[in-house]
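Chain residues, written in single-letter form:
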Amino acid sequence: MKKLAFGLAALAMTAVSATAQDGLENEKRTAYMNKLEGKRVVYIPMNMNADLTIAWHAYLQRQAEELGYTVDLRDPNWSTEAGARALTAAISEKPDLIVLQNPDVQSYARLIQQAQRQGLKVIQLNMESLTPSDTYVGADWQGIGYAAGEEVAKHCSSPDAPSKKVAITMGVPTAPVDLFQIYGFKQALEDAGGGFEIVSQQAAAYDPSKANSITAAVLQQHSDLCAVFGIWDGMDAGAGAAVKEAGMQDSVYVVTSGGASAASCEKIEDDTYDMYIGYDARMQGAALNVQVSALLQSDKPAGDNPTVYYTPNYRLTKDNLSPSSCWSFEDLEN
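These numbers were taken from a predicted model, which means no experiment stands behind them.

## Considering the pattern of salt bridges
- Counted according to the given criterion, the structure contains 12 salt bridges.
- A salt bridge links Arg40 to Asp72; the shortest N-O distance between them is 3.3 Å. Within this pair, whereas Arg40 is found in strand 1 (residues 40-44), its partner Asp72 is found in strand 2 (residues 70-73), the two being separated by 32 residues in sequence.
- In this structure, Glu151 engages Arg315 in a salt bridge whose closest nitrogen and oxygen atoms are separated by 2.7 Å. Of the two residues, Glu151 sits in helix 6 (residues 141-156) while Arg315 sits in strand 12 (residues 314-316), which places them 164 residues apart along the sequence.
- We classify Arg315 as partly exposed; its relative accessible area is 32%.

## Quick word on the state of the cysteines
- Tallied over the full model, the rule gives 2 disulfides.
- Covalently, Cys156 is tied to Cys226 through a disulfide, its sulfur atoms 2.1 Å apart. Across the disulfide from Cys156 to Cys226, rotation about the S-S bond amounts to roughly -105°, and the bridge is consequently left-handed. In this pair, Cys156 sits in helix 6 while Cys226 sits in the loop between helix 8 (208-221) and strand 8 (227-230), placing the two residues 70 residues apart along the sequence.
- Across the disulfide, Cys265 is cross-linked to Cys326 (sulfur-sulfur distance 2.0 Å). With the S-S dihedral at roughly 80°, the linkage between Cys265 and Cys326 falls on the right-handed side.

## Quick word on the packing of helix 4 (residues 80-93) against helix 5 (residues 109-117)
- Between helix 4 and helix 5, the shortest axis-to-axis distance is 10 Å and the interhelical angle comes to 10°. In terms of orientation, helix 4 and helix 5 fall into the roughly parallel class. Every residue of helix 5 that contacts helix 4 at Ala84, Leu87, Thr88 and Ile91 is listed here: Leu111, Gln114 and Ala115.
- A breakdown of the residues in the contact of helix 4 with helix 5 according to their chemical character gives 5 nonpolar, 2 polar and no charged.

## Here we look at the nonpolar core
- If you look at the biggest cluster of nonpolar residues, it comprises 83 residues, and the most contacted ones within it are Tyr69, Val99, Leu288 and Val292.
- Ranked by the residues each element gives to this core, the list is headed by helix 3 (residues 51-67), at 8 residues.
- The residues touching Leu288, leaving out its near neighbours within four places in the chain, are Trp56, Leu60, Val99, Ile123, Leu125 and Val137.
- By size, the runner-up hydrophobic cluster in this structure holds 14 residues, among which are Ala86, Leu111, Ile112 and Val122.

## Digging into unusual backbone geometry
- Its identity as a non-glycine residue notwithstanding, Asn77 has a phi of 55°, on the positive side.
- Inspection of the secondary structure puts Asn77 in the loop between strand 2 and helix 4.

## A few points about the sheet that holds strand 8
- Taken together, the 6 strands give an open sheet; going across it, the order is 7-6-8-9-10-12, and neighbouring strands pair in mixed fashion. The open sheet terminates on both sides in strands that have one partner only, identified here as strand 7 (197-203) and strand 12. The sheet shows a mean angle of 20° between the axes of neighbouring strands, direction not considered.
- Relative to strand 7, helix 8 is tilted by about 155°, and along the sheet it contacts strand 6 (165-170), strand 7 and strand 8.

## Section: the pairing of strand 6
- With respect to burial, strand 6 is a largely interior element, 6 of its 6 residues being buried.
- In strand 6, alternate side chains face the same way, and those of Lys165, Ala167 and Thr169 on one face and Val166, Ile168 and Met170 on the other are all buried.
- Here strand 6 pairs with strand 7 via 6 bridges, running parallel. Across the sheet, Ile168 pairs through a bridge with Gln201, a residue of strand 7.
- With 4 bridges connecting them, strand 6 and strand 8 associate as parallel partners. Across the sheet, Thr169 pairs through a bridge with Gly230, a residue of strand 8.

## Quick look at the packing of aromatic side chains
- Taken as a whole and assessed by the stated rule, the structure comprises 8 aromatic pairs.
- Aromatic ring contacts, followed pair by pair, group Trp78, Tyr206 and Trp232 into a single cluster.
- A cation sits over an aromatic face here: Arg62 above Tyr59, 5.3 Å from the ring centre.

## Considerations on helix 5
- Among all positions in helix 5, only Ala109, Leu111, Ile112, Ala115 and Gln116 are buried. Projection of helix 5 onto a plane perpendicular to its axis shows the buried side chains occupying an angular sector of 165°, all on one side. Across from the buried face of helix 5, at angles greater than 90 degrees, the exposed residues are Arg110 and Arg117.
- Residues of helix 5 that are buried sit in contact with helix 4, strand 3 (97-100) and strand 4 (121-125).
- Note on helix 5: the residue one or two positions beyond its end, Gly119, has a positive phi of about 85°.

Conventions used here
- Residues numbered from 1 in each chain as written.
- Predicted model: local features only at pLDDT ≥ 70, side-chain atom pairs only at ≥ 80, totals over all residues.
- Heavy atoms only, no water.
- Salt bridge = Lys/Arg side-chain N within 4 Å of Asp/Glu carboxyl O.
- Helix = DSSP H or I, 4+ residues; strand = E, 2+ residues; numbered from the N terminus.
- Buried < 20%, exposed > 50% of the residue type's maximum accessible area, 1.4 Å probe, protein only.
- Disulfide = S-S within 2.5 Å.
- Axes fitted to C-alpha atoms, helices over the stretch in contact; angles between N-to-C directions.
- Parallel < 35°, antiparallel > 145°, perpendicular 65-115°, else oblique.
- Contact = heavy atoms within 4.5 Å.
- Nonpolar A, V, L, I, M, F, W, Y, C, P; charged D, E, K, R; others polar.
- Core = buried A, V, L, I, M, F, W, Y, C linked by side-chain atoms within 4.5 Å.
- Pairing = 2+ DSSP bridges.
- Phe/Tyr/Trp six-rings, centres within 6.5 Å; stacked < 30°, edge-to-face > 60°.
- Lys NZ or Arg CZ within 6 Å of the ring centre and 35° of its normal.
- Arc of directions from axis to C-beta.

In structure tokens form, the structure reads like this:
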């Protein structure tokens with residue numbers, strides 16, 4: 001019996017030695033790759049001329065090439081109607097997954113429900129509909145608004161503040177980025193003790209030139225304005241420029257948020273923005289890829305377990321900028 005045991009142990013040692021010499025296939029990785037090979041993802045952003053959407057696509061495409069699935073880009077170019085047509089077409093084509101950026105909380109709601117009923121998995125990216133899907137991954141807009149409100153309240157409550165007057169520049173009033181941020185922002189002002197006056201709350205449709213003209217008019221009407229709060233840096237570059245053009249950058253506090261591209265850090269450096277709340281497209285791209293991989297592997301039916309992941313945000317000023325605070329398009333190519 002001892003000889004048999006010894007013989008079996010010797011054979012096992014021989015097998016281990018052979019394995020150590022030749023290597024060992026990771027069967028879990030093989031199963032993972034086989035599960036993803038040939039799958040198809042349709043990506044429908046709001047547009048493909050913003051740093052955020054370009055970064056998300058770069059992350060999606062990089063993982064797709066590594067894992068053997070495909071990403072089919074459909075660019076509505078800011079048109080909600082074109083986006084609805086793209087989503088309708090995608091539903092009829094029955095891909096394995098749809099990654100979707102909503103223009104507002106309602107426009108795609110019925111189509112998302114239709115996709116889920118037909119067994120199609122949907123990720124909502126950075127802009128939530130009122131209709132849930134398999135996953136939302138993106139910014140915590142209410143939290144960002146609250147953080148912005150805290151900063152504005154702190155600045156405009158200081159002894160040398162010109163007043164407690166605040167102007168708000170919105171994008172599209174029915175968009176989640178607006179609705180949730182405005183709620184968080186006003187909640188923070190209230191929690192700070194109130195007494196703040198919203199002298200303007202106007203929509204600029206994500207257009208920096210409109211944000212510029214709106215802010216310029218508000219500054220003419222309220223020379224003692226304390227702060228301008230905007231919901232997106234791509235638009236708020238115009239608002240910050242209006243403050244500088246009026247020569248009021250020393251008295252008017254400009255707060256915005258965005259995906260922390262290099263252009264944003266440049267505007268912090270040159271005093272276009274005083275406070276910037278970043279949600280970093282790099283972190284969002286990485287989080288998105290995790291969700292894509294998980295849903296493509298899962299055998300659970302569409303809509304079986306809706307989940308939410310809010311990516312972290314952080315506050316940037318000229319005082320705490322570092323080389324890693326923002327990213328460039330060259331970074332996406334590496």
